[in-house]
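# Fold and contact review
Residue-level listing of the chains:
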Amino acid sequence: MSALDHIAPEWLDIGPVTDIPLRGARTVPVAGAGEIAVFRTSGDHVYALVNSCPHKKGPLSQGIVHGNSVACPLHNWVISLETGEAQGQDKGCTPTIPVKISGGRVLICRQSTLRIAA
Amino acid sequence: MSPSINTREHLVVIGNGMAGCRAVEEILTRDPHRYKITIFGAEPHVNYNRIMLSPVLAGEKSFEQIVINDRSWYLDHGIDLVVSDPVVAIDRAAKTVTSRSGATVGYDKLLIATGSNPFIIPVPGHDLPGVISFRDMADVDHMVRAASLGGDAVVIGGGLLGLEAAHGLSLRGMKVTVIHLMDTLMERQLDESAGWLLKSALEGRGQTILTGANTAEIYGEGKVEGIRLKDGRDIPASLVVMSAGIRPNVALAQQAGLAVNRAILVDDDMVTSDADILAVGECVEHDGNVYGLVAPIWDMCRSLADALVATPSPYKGSVTSTKLKVSGIDVFSAGDFSGGEGCEDIVLRDASRGVYKRVIVKENRIVGAVLYGDTGDGNWYFDLLKKGVDISDVRDALIFGQAFASGGGQSDPKAAVAALSDDAEICGCNGVSKGQVVSCIAGGAASLDAVRGACKASASCGSCTGLVETLLALTLGQEVEAGPKTMCKCTSFGHDDVRKLILEKSLKAIPQVMQELHWATPDGCSSCRPALNYYLLCAWPGEYVDDQQSRFVNERMHANIQKDGTYSVVPRMWGGLTTPQELRAIADVVEKYDAPMVKVTGGQRLDIFGIKGEDLPAVWADLNAAGMVSGHAYGKALRTVKTCVGSEWCRFGTQDSTGLGVKLEQGFWGSWMPHKFKMAVSGCPRNCAEATIKDFGVVCVDSGYELHVGGNGGIHVRATDLLCKVGTEKEAMHHAAAFVQLYREEARYLERTAPWIERVGMDYLKARLLEDAEGRDALATRFWFSQSFSQDDPWAERAQGAESELHQPLAQVRPLAGAFA
C-alpha cells in the first residue's frame, strides 16, 4: 500500500457519458503509461478498465460489448467489465478503475489511475 | 383540550402541490390541532394530482376527477390557502415569508415544497409562442386548445412525460413527432429491448419517433412553425412541447441561504440546514439522491410528519418504480436494470403476445425489473425487490410470475408442466394441446425437430419451445435427442431458421429479431450480433441501417488490427493493376506515417503496416487523393480479384484476363458476404492466378470461360469445383453475380464457400444456378440491386470526418495534473 492510498479519493472528469457510444467504448491515454478503456453498455452502465486483454494485451476498447462483458478483438476472450476477469475457461484479469457518473459526466478514480500508471 | 387555532404554532407551506399537501395531510392525521397552517400556491387551483395530467390531456379524465383536496378540505382544517401568489422571499432572521403580491406572513415552521421546473433546452427559438412545457394544468389547457386546430406537433424528449404528452396530442388528432436525443426511449427506465418494443408500438399508432435526434433550433415568424435538427432535417410544427427533464426548483431556498447542492439538502427528518425550515418532494436532495417520482414523496412526507409531531421514523431513501400511462401500452420498470457486479438476468420473451420481461437478480434477490406488454406482476416483483426477499426457492419459475411461482409444489417448472391437463394449449400459433404433443412424442417423435414436423408445435413463433422440450424430457426421460445446432447460447434457433424467420416475419432490426425470436440475453453476444447484422443487411438492402457496434473491430475501423493494436491498410488496386501515381501515394504514406513495413500480399496488393488508429483518417485522405479506395482487406466481403496478364501480353493467354478481373472487382467490391471472398481470373489453363483455390475463379480457354467455385487455401486447402463453362464475359459476370448472391443468402455467417458447398452439394448449386435460368436471373438481379447501395467508399466518409470519435481518445490523463478533453 502506498502513501497515496490514504489521500481522499479524487475523481478525474474525462467527458460526457454521451460521447461513449452505447455498446461501445472510448480510450483515455494516461501520460507516461498505458491506456484506459471506458465502456458504455446497452444498460447504460459505464465501466473503466486498463485497455489491455490479460491474454495477449489486445485493445479491449475495440471489442464487441455485450451484456456487461467485452469480447477481445484479437482472440475473442470474453472479459467481465465489472471485475476485469476473463470468463469461461480462460484465466486472467485486467485491472479495473472505479467510475462514477455525475451530472452526465464520467469521472474516473485518480488513485487507481496513478496506480496503473506507476 | 386543544389550543385555539390562533394560539397554535404557525406552519407555512410554500407549494400547494402533491408534496406540500401530502405533508400537511400526514401531519393532520397524526395531530390535527398542532399547527395553524397557511399554504401558498403559484397556480390558481386547489391541490390536484399532477401525475394524472396525462389522462386529462388524453381526454380520459376531467380536471375535477384529478383534484385531491377540494376547497372544503382546506376549510374543514382551518387551512389558509393563498393561490396564484407564490412566495418570493424568505427572511430567516425575522422568520417571515413574502409573497409576490407583497403579503408578509410570519412562521414558526416553514415547509418548502416548491417541486421542480421543466428544463427548457436553450436552443434558438425556445421562447417563441407555441413552445410550451408539460408541467401543470395551464400547459394542458394550452395543448388542448392547440390540438383543437389540428396540425403538427413536436414533442422534444422521449421520456415518460414526453411520451404521455405525445400520446395525448395524438389522440386529440395532431400529427405528432417525438424527438429523442438518446437511442432508446425512456432510457432511464427501460433497457434497449423494451425501448424498441415501445417505439414500435407508438409508431404503430401513427406517431413518428426519431431517436438519436438532436434539436438545433426552433423557428417561426412570431410563433413556432417548426424545428430543425442538427442533421438538417426539418419538421413543421404549430406546437412544440419541451419535455427534456426537470430541475429542482431551489431558487427561493438559495436566496434564503439554505444549503443547496443539486437540490435543497435535507436530513432523514426532512429538515434543511435551518432547524425551523423543512423541505420535501422533488426540490430536495437526500443522501445524494433527487427524486422525480411520486412514491418517494409519500415516503418523505411520512418521515417528516413522524419527526414533527410523532415519533421520528428516519427517511432512508426510496427504490422507485415507473409505469407509463399510455392506455393499451403496458410498461413497468423498477430498481436497477443497468446490470452491475454479480447481477444475473432472467429474460422471457413472448413474441406472439408482444411480451418482454426481464428480472435482474443479485445474490438471490431482485434488484431490478423491466416489463413490457405484461406488467401484471410488476407490483409483485417490486414488492420482492423492496423487501429484499430471497428468491432462490422460486427462481426457476420467477419470470413466469406470481401465480406460477407461488403455486405450491409447482415451483419446479417441470412439475408445473407435468401438472397441466391434457387439453391445455401448448402451441398457441398452431393450436396444439399437451395431449397431442405427448401422443406425438409417444408415437416416435424423439426430438424437438421431430415434434415440430409431426404436430407443428413450436414450429411457428417458437415461444413454446421450452414447454415442448420439457414435455419431451418428461415423456422420454433422458432420451431427448439434441436439437439442431443453435447460433449461439443466446438463442434456441439455428442460423438457417433465424434467416428464414427474418424474411418471413419481416424482421428489420437486431432488437426486433431478439424480441421476436426470444433471445435469452438482453443484447446478444459477440457471436450472434455480427451474424444478425449481416443477415439483416443481406435481407433488406438499402433499408437496414448497419449497426457499427455489432461489427468486428476490423469492419468498424476499415483496417486490419494487428497484434500490437496498430492497423494495416490495403488500398484497392483493381485486378492487381496499379499506376506510378498510386505507387507514389503509397510510398508517401509509408514515409509520412512512419509505417515500419510495407508488403506485397498474396492477393496482389500492397499492405501498409503499423498505422495508428488515430492516423487512419489522414492516411485514407492521402490515398483517396490519389484515387484509391478501401481494399476491404479487413472485411467479410470481396477481398481481391487476382489476375494474370492474359492475352494482352502473354504468349499463352487466351482471353483478356486482367480486363475481366478489373470488371469483376469493380462490380463486386463493397458487397458484404458471410465470410471473406476471393476471386481470380487466369488467362489460360496454366492458371498463374491460382483461380482454382478461390471462392470464385475463372479460367479462360480458347472457346470461353470456365467458372470454378468453392476453393480456398488455408488450413484445409480445397480446389474448386467446376460450375460450368460460358462463352462471353457478360455471361461470366452474370453467373458470378448469381453465385455470389446465392452464397450471400444461404451460407451461414462465417462459413466460406468451400464448407458451404460441401454442405449443400454441387448438385444443389447446379440446380439453382444452371437448371433454373429464371432463378439465376432473379439472384443476379437481387445482387445488383444490393450493390447499388454498397459501393460507397467507407474511407472517404471517415477521411472527411465522419465518426471521428472512433479514431480519437475521449480525453488525455496526466495523473498528477488532471484530465484534458
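Bear in mind the structure is a predicted one, so any value in this text is a computation, not a measurement. (Residues numbered from 1 in each chain as written. Chains lettered and ligands numbered in written order. Predicted model: local features only at pLDDT ≥ 70, side-chain atom pairs only at ≥ 80, totals over all residues.)

## Quick word on the overall build of chain B
Along the backbone of chain B there are 27 helices and 38 strands. Looking at the 821 residues of chain B, the share that counts as buried comes to 45%. Across chain B, contacts joining residues at least 24 apart in sequence account for 61% of those joining residues at least 6 apart. (Helix = DSSP H or I, 4+ residues; strand = E, 2+ residues; numbered from the N terminus. Buried ≥ 20, exposed ≤ 12 C-beta atoms within 10 Å, placed from the backbone. Contact = placed C-beta atoms within 7 Å.)

## Considering the overall build of chain A
Tallying secondary structure elements over chain A gives 1 helix and 10 strands in all. Scanning chain A from its N terminus toward the C terminus, one meets helices and strands in the order β-β-β-β-β-β-β-β-β-β-α. Burial analysis of chain A (118 residues in total) assigns 49% to the buried set. At a minimum sequence separation of 6, the contacts of chain A that also span at least 24 residues come to 45%.

## Some thoughts on the interface of chain A and chain B
By convention, interface size is frequently given as the accessible area that disappears when the constituent parts associate. At the junction of the two partners, chain A supplies 41 residues and chain B supplies 34 residues. At the level of secondary structure, the elements contributing two or more residues to the side of chain A that touches chain B comprise strand E1 (11–16), strand E2 (24–29), strand E5 (64–66) and helix H1 (110–117) of chain A. For the side of chain A that touches chain B, the element with the highest residue contribution is E2 of chain A, accounting for 5 residues. When grouped by side-chain class, the residues that make up the side of chain A that touches chain B number 18 nonpolar, 15 polar and 8 charged. (Nonpolar A, V, L, I, M, F, W, Y, C, P; charged D, E, K, R; others polar.)

## Things to note about the environment of Ile79 of chain B
Residue and element names in this part refer to chain B. Mapped onto the secondary structure, Ile79 falls in the loop between helix H3 (71–76) and strand E3 (80–82). Judged by the 20 C-beta atoms lying within 10 Å of it, Ile79 falls in the buried class. Linking Ile79 and Leu11, residues 68 residues apart in sequence, is a C-alpha distance of 9.9 Å.

## Section: the pairing of strand E25 (residues 365–372) of chain B
Most of E25 of chain B sits inside the fold, with 7 of its 8 residues counted as buried. Once strand E24 (residues 355–362) of chain B ends, the chain turns through 2 residues before running back antiparallel as E25 of chain B, passing Glu363 of chain B with a positive phi of about 50°. (Pairing = 2+ DSSP bridges.)

## Some points on the nonpolar core
All names here are of chain B. Among the nonpolar cores identified, the biggest contains 67 residues, and Ala153, Val155, Leu198, Val240, Val241 and Ala369 are the most heavily contacted of them. In contact with Leu198, other than residues within four places in its own chain, are Leu185, Met186, Leu190, Ile329, Val331 and Tyr372. Listed in part, the 65 residues of the second largest apolar core include Leu537, Cys538, Ala637 and Cys700. (Core = buried A, V, L, I, M, F, W, Y, C linked by C-beta atoms within 7 Å.)

## So, the sheet that holds strand E28 (residues 560–561) of chain B
All names here are of chain B. With respect to topology, 4 strands assemble into an open sheet ordered E28-E29-E31-E30, the strand pairing being antiparallel. With partners counted over all chains shown, the strands left at the sheet margins are E28 and strand E30 (597–600), one partner each. Bridging between strand E29 (residues 567–569) and strand E31 (residues 606–611) involves 2 bridges; their strand directions are antiparallel. Residue Tyr567 lies in a different strand from E31, and its bridge partner there is Ile611.

## Considering unusual backbone geometry
Phi angles above zero are rare outside glycine, and Arg23 of chain A is one such case at about 55°. Here Arg23 of chain A shows up in the loop between E1 and E2. By C-beta crowding, Arg23 of chain A is classed as buried, having 24 other C-beta atoms within 10 Å. For Lys95 of chain B, which is not a glycine, the phi torsion comes out positive at approximately 55°. By the element assignment, Lys95 of chain B lies in the loop between strand E4 (87–91) and strand E5 (96–99). The class for Lys95 of chain B is partly exposed, based on 18 C-beta atoms found within 10 Å.

## Here we look at the packing of helix H13 (residues 434–442) of chain B against helix H15 (residues 465–476) of chain B
Residue and element names in this part refer to chain B. Between H13 and H15, whose axes approach to 10 Å, the crossing angle comes to 50°. As far as their axial angle goes, H15 and H13 are oblique. At the point where H13 passes H15, the crossing takes the right-handed sense. On H15, the residues that touch Lys434, Val437, Val438, Ile441 and Ala442 of H13 are Val468, Leu471, Leu472, Thr475 and Leu476. When grouped by side-chain class, the residues that make up the contact of H13 with H15 number 8 nonpolar, 1 polar and 1 charged. (Axes fitted to C-alpha atoms, helices over the stretch in contact; angles between N-to-C directions. Parallel < 35°, antiparallel > 145°, perpendicular 65-115°, else oblique. Left-handed = near helix turned anticlockwise from the far one by under 90°.)

## Regarding helix H21 (residues 616–625) of chain B
All names here are of chain B. Residues of H21 that are buried: Leu616, Pro617, Val619, Trp620 and Leu623. Taken end-on, H21 shows its buried residues confined to a sector of 160°, consistent with a single buried face. Lining the buried residues of H21 we find helix H19 (553–557), E29, helix H20 (580–592), E31 and helix H27 (794–799). One or two steps after H21, the chain reaches Gly627, where phi turns positive at roughly 90°. (Arc of directions from axis to C-beta.)

## A short note on the sheet that holds E5 of chain A
All names here are of chain A. Read across the sheet, 3 strands follow the order E5-E6-E7 without closing on themselves; strand pairing throughout is antiparallel. The sheet is open, and its two borders are formed by E5 and strand E7 (78–80), each paired with just one other strand. Averaged over neighbouring strand pairs, the angle between their axes works out to 25° when direction is ignored. Sheet topology places E5 next to strand E6 (residues 69–71); 3 bridges connect them, and they run antiparallel. Looking at E6, one finds that Ile64 is bridged to Ala71.

## Considering helix H8 (residues 294–309) of chain B
All names here are of chain B. Relative to the 22 Å expected for 16 residues at 1.5 Å per residue, H8 spans 23 Å between its end C-alpha atoms, a close match to the ideal helical length. Of the residues making up H8, those classed as buried are Pro296, Ile297, Met300, Cys301, Ser303, Leu304, Ala305 and Leu308. Structurally, H8 contributes buried residues whose contacts are with helix H1 (18–30) and strand E19 (277–279). (Expected span 1.5 Å × (residues − 1).)

## A closer look at the confidence of the model for chain A
Averaged over every residue, the pLDDT of chain A is 87; residues scoring 70 or more account for 91%. Within the model, pLDDT remains below 50 along residues 1–8 of chain A, and this stretch shows 4 contacts once partners closer than five positions in the same chain are excluded. (pLDDT = per-residue confidence, 0-100.)

## Some points on the environment of Lys636 of chain B
Residues and elements named next belong to chain B. In this structure, Lys636 sits in the loop between H21 and strand E32 (638–643). Sequence separation between Lys636 and Glu555 is 81 residues; the distance between their C-alpha atoms is 8.0 Å. In this view, Lys636 contacts Tyr534, Trp672, Met673, Pro674, His675 and Lys676; residues no more than four positions away in its chain are not counted.

## A word on the environment of Ile297 of chain B
Residue and element names in this part refer to chain B. Checked against the element boundaries, Ile297 lands in helix H8. Judged by the 24 C-beta atoms lying within 10 Å of it, Ile297 is buried. Expressed as a C-alpha distance, the spacing of Ile297 and Val280, which sit 17 residues apart in the sequence, is 7.1 Å. In this structure Ile297 touches Met18, Ala19, Arg22, Val280 and Gly281, once residues within four positions along its chain are discounted.

## Describing the packing of H20 of chain B against H21 of chain B
Residue and element names in this part refer to chain B. With their axes 9 Å apart at the nearest point, H20 and H21 run at an angle of 160° to one another. Judged by the inter-axis angle, H20 sits roughly antiparallel to H21. Considering the relative orientation of H20 and H21, their crossing is right-handed. Here Ala585, Asp588 and Val589 of H20 come into contact with H21, specifically with Val619, Asp622 and Leu623. Along the lines of polarity and charge, the residues of the contact of H20 with H21 split into 4 nonpolar, no polar and 2 charged.

## What to know about the pairing of E4 of chain B
With 4 bridges joining them, E4 of chain B and E5 of chain B adopt antiparallel strand pairing. Counted as the bridge partner of Ile90 of chain B is Val97 of chain B from E5 of chain B.

## Structural notes on the confidence of the model for chain B
In the predicted model, chain B carries a mean pLDDT of 89, and 95% of its residues have values of at least 70. Under the prediction, the complex receives an ipTM of 0.87, its pTM being 0.64.

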